[in-house]
Amino acid sequence: MIGVFDYGAGNLRSVQNALEEIGALYEIVQDGKGLQRSSKIILPGVGHFGQMMRALDRANVRETLGERMGAGVPFLGICLGLQALFERSEEAPEALGLGIFPGQVTRFSEPVRVPHMGWSDVRLTPHSRLFPEPVTNAFFYFAHSYFVPVGEGSTAICDYGGPFTAAFERNNIFGVQFHPEKSSSLGLALLRRFIELPH
């Protein structure tokens, strides 16, 4: 069963609609027990980095999330859920991310308009299990002011005032800066590939 974690501000309804459209079995979970029984975990995110991390700490799931990812459970972080995988964000320097990977989330700077909002194309690398086939005109829907810099693990790159990580993958851990639940057929295909991953 896929566990969609509800920390109080995630874009849950849209994610639920997308999962239902592709016939995925899921449940909304809000605590460590729910995460423990999930065979896959989705962490959707909208809002503020600090607010999200405080909510995860109030739910006392920071350690459980790390344990489940470390145990090989497939994890997908969406938007802020991707950013939470890293150590810190310029949005809330006082807040600690999950720290699964090293690095800091960065704010877009002038001259680009902030937030980055709308449809943008991404360049795919040939090494992702979420994008196993070459895709041309790969447009996805973005809504964010902060981004993960390109580095090891970046499997899709978008340009907005410079390149940034549009999708990330390391072993069983995946993250996307765009919103697949709002990205039409390509977004649904990505979610379908995630739920079909072996576990």
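Within every chain, residues take consecutive numbers counted from 1 along the sequence as written. At least 70 in pLDDT is required for a residue's local features to be given in this predicted model, at least 80 for side-chain atom pairs to be given and counted, and no such filter applies to totals for whole chains, interfaces and linings, which use all residues. To obtain the side-chain values, all non-hydrogen atoms of the structure were used and water was disregarded.

**Q** For this particular structure, what's the right way to read the overall build of the chain?
**A** Each helix corresponds to a stretch of at least 4 residues labelled H or I by DSSP, and each strand to a stretch of at least 2 residues labelled E; elements are numbered beginning at the N terminus. Tallying secondary structure elements over the chain gives 6 helices and 13 strands in all. The globule rule puts the C-alpha radius of gyration for 199 residues at 16 Å, and the 15 Å found for the chain is close to it. Principal-axis analysis of the C-alpha atoms gives the chain an extent of 45 × 40 × 30 Å. The buried share of the chain, taken over its 199 residues, is 55%. Entry remark: accessible area of the chain is about 9000 Å², with carbon and sulfur atoms responsible for 49%. The charge count treats Lys and Arg as positive and Asp and Glu as negative. His and the chain ends do not count. One atom stands in for each charge, and that atom is NZ of Lys, CZ of Arg, CG of Asp or CD of Glu. When the 17 positive and 20 negative side-chain charges of the chain are each reduced to one mean point, those points stand 2 Å apart. Here the radius of gyration uses the C-alpha set of atoms, whereas the globule reference equals 2.2 Å times the residue count to the power 0.38. Per-residue accessibility, obtained with a 1.4 Å probe over protein chains only, is compared with the maximum for each type, and a residue is labelled buried under 20%, exposed over 50%, and partly exposed between these values. Residue exposure ignores everything except the shown protein chains as possible cover, and the areas themselves are Shrake-Rupley values with a 1.4 Å probe.

**Q** What should I look at first to understand the nonpolar core in this one?
**A** One recurring pattern in soluble globular proteins is that nonpolar side chains are buried together. Counting residues in hydrophobic clusters, the biggest one holds 37 residues, and the most contacted among them are L19, L76 and F178. Going through the elements one at a time, β1 (2-5), α1 (12-21), β4 (75-79), β9 (139-144), β11 (154-159), β12 (163-170), β13 (173-176) and α6 (184-195) are the ones with two or more residues in this core. With 5 residues, the top contributor of residues to this core is α6. Residues count as neighbours in contact if any of their non-hydrogen atoms are within 4.5 Å of one another. With residues up to four places along the chain from it excluded, the contact list for L76 reads I41, I42, L43, L130, F174, G175, V176, L191 and F194. Definition used in this section: a nonpolar core is a set of buried Ala, Val, Leu, Ile, Met, Phe, Trp, Tyr and Cys residues joined via side-chain atoms within 4.5 Å.

**Q** Help me understand the sheet that holds strand β5 (residues 88-89), please; the structure alone is not making it clear to me.
**A** Strands in a sheet are paired, the pairing made by backbone hydrogen bonds, and the direction either parallel or antiparallel. Two strands pair under a simple rule: DSSP has to find at least two bridges between them. With respect to topology, 3 strands assemble into an open sheet ordered β5-β6-β10, the strand pairing being mixed. Here the strands that pair on one side only, and so sit at the sheet edges, are β5 and β10 (146-147). Pairing of strand β6 (residues 104-107) with β10 involves 2 bridges; the strand directions are antiparallel. The partner of R107 across the bridge, within β10, is Y146.

**Q** What's the story with helix α4 (residues 62-70) in this structure? I'm lost.
**A** Because each turn of an α-helix spans 3.6 residues, side chains separated by three or four positions in sequence point in the same direction. Within α4 the residues assigned to the buried category are T64, L65, R68 and M69. Here the buried residues of α4 occupy an arc of 130° about the axis, which is enough to place them on one side. The outward face of α4, more than 90 degrees from its buried face, is lined by the exposed residues E63 and G70. Tucked into the core, α4 has its buried residues touching α2 (32-36), β3 (40-45), α3 (49-58), β4 and β13. Positive backbone phi, approximately 95°, marks G72, located one or two places after α4. Arc definition: directions from the helix axis to the C-beta atoms.

**Q** Any chance you could explain the packing of aromatic side chains here in plain terms?
**A** For any pair of aromatic rings, the description consists of the separation of the ring centres together with the inter-plane angle of the planes. Aromatic pairs are defined between Phe, Tyr and Trp rings, using the six-membered ring for Trp, whenever the two ring centres lie within 6.5 Å; interplanar angles under 30 degrees are classed as stacked, those over 60 as edge-to-face, and all others as tilted. Taken as a whole, this structure holds 13 aromatic pairs when the rule is applied. Summarising the aromatic geometry, the rings of F140 and F178 are spaced 4.2 Å apart at their centres and angled 25° between planes, so their arrangement reads as stacked. On the criterion of sequence distance, the pair formed by F140 in strand β9 and F178 in the loop between β13 and α6 is long-range, its members being 38 residues apart. Exposure remark for F140: the relative accessible area of 1% places this residue in the buried category. Clustering of aromatic rings is evident, with ring pairs tying together F108, F131, F140, F142, F147, Y160, F164 and F178.

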